[in-house]
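# Structural overview
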Amino acid sequence: PWALLALLMIPIGWIEGVLLLQNLAFAVGRDHVVLRWGAIGRYQAFVPLRKVQGVTLSAGPIDRMLGLATLTVWVAGGSPSAMHDLPIGYARHTKEAIARTAAQRRFVW
């Protein structure tokens, strides 16, 4: 029974990965960045670019072996928005796009 359960987990994990990747998106607009993620629970974050303080990319040893990373957008006066288990190339592209646009839209007193 345990072996059957282990074999059953393989397609379930694959389906979950496909659903997560299909619901993963970001868009950088003129004043906001929109992040969307999640498979069962779907989440969206609208982040004003003038309030972005930083964008970080992190990956532990297992994430690096699998080619995954976590992208976190840090916002002034709010909680950070994190997108977990992104493909590393997609995460780097997203980080650079958000950081570049936020630097152009930074708040000037």
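Refer to the structure presented above.
With that settled, the discussion passes to the overall build of the chain. What the chain contains, in helices and strands, is 3 helices and 6 strands. Along the chain, from the amino end to the carboxyl end, the secondary structure elements read α-β-β-β-β-α-β-β-α. On C-alpha atoms alone, the chain measures out to a radius of gyration of 16 Å, which is more than a quarter above the 13 Å that the 2.2 N^0.38 rule sets for 109 residues. Split into buried and exposed, the 109 residues of the chain put 27% on the buried side. Summarising the internal contacts of the chain: among those between residues at least 6 apart in sequence, 34% fall at separations of at least 24. Total accessible area on the chain stands at roughly 7700 Å², and carbon and sulfur atoms take up 63% of it. Side chains of the chain carry 11 positive and 5 negative charges; the gap between the two charge centres is 11 Å.

A sheet is described by the order of its strands in space; here 3 strands give the open sequence 4-5-6, paired in antiparallel fashion. Whereas interior strands pair on both sides, the edge strands pair on one side only; in this sheet they are strand 4 (52-58) and strand 6 (81-87). With direction set aside, neighbouring strand axes in the sheet form an average angle of 15°. Sheet analysis places strand 5 (residues 68-75) next to strand 6, joined by 5 bridges and oriented antiparallel.

Turning our attention to the side chain of T70. By the secondary structure assignment, T70 is in strand 5. The class of T70 is buried, set by a relative accessible area of 11%. Dropping the residues within four chain positions of it, T70 is found in contact with T56, L57, S58, A82, M83, H84 and D85.

To continue, consider the sheet that holds strand 1 (residues 25-28). Spatially, 1-2-3 is the arrangement adopted by the 3 strands of the open sheet, whose pairing is antiparallel. Only two strands of the sheet have a single neighbouring strand rather than two, namely strand 1 and strand 3 (43-48). Between one strand and the next, the sheet's axes are offset by a mean angle of 10°, whatever the strand orientation. Both strand 2 (residues 32-37) and strand 3 contribute to a ladder of 6 bridges, which runs antiparallel.

About the cut-offs
Residues numbered from 1 in each chain as written. Predicted model: local features only at pLDDT ≥ 70, side-chain atom pairs only at ≥ 80, totals over all residues. Heavy atoms only, no water. Helix = DSSP H or I, 4+ residues; strand = E, 2+ residues; numbered from the N terminus. Rg over C-alpha atoms; globule rule 2.2 N^0.38 Å. Buried < 20%, exposed > 50% of the residue type's maximum accessible area, 1.4 Å probe, protein only. Contact = heavy atoms within 4.5 Å. Areas by Shrake-Rupley, 256 points an atom, 1.4 Å probe, with all protein chains shown as cover. Lys, Arg positive; Asp, Glu negative; His and termini not counted. Charge placed at Lys NZ, Arg CZ, Asp CG, Glu CD. Pairing = 2+ DSSP bridges. Axes fitted to C-alpha atoms, helices over the stretch in contact; angles between N-to-C directions.

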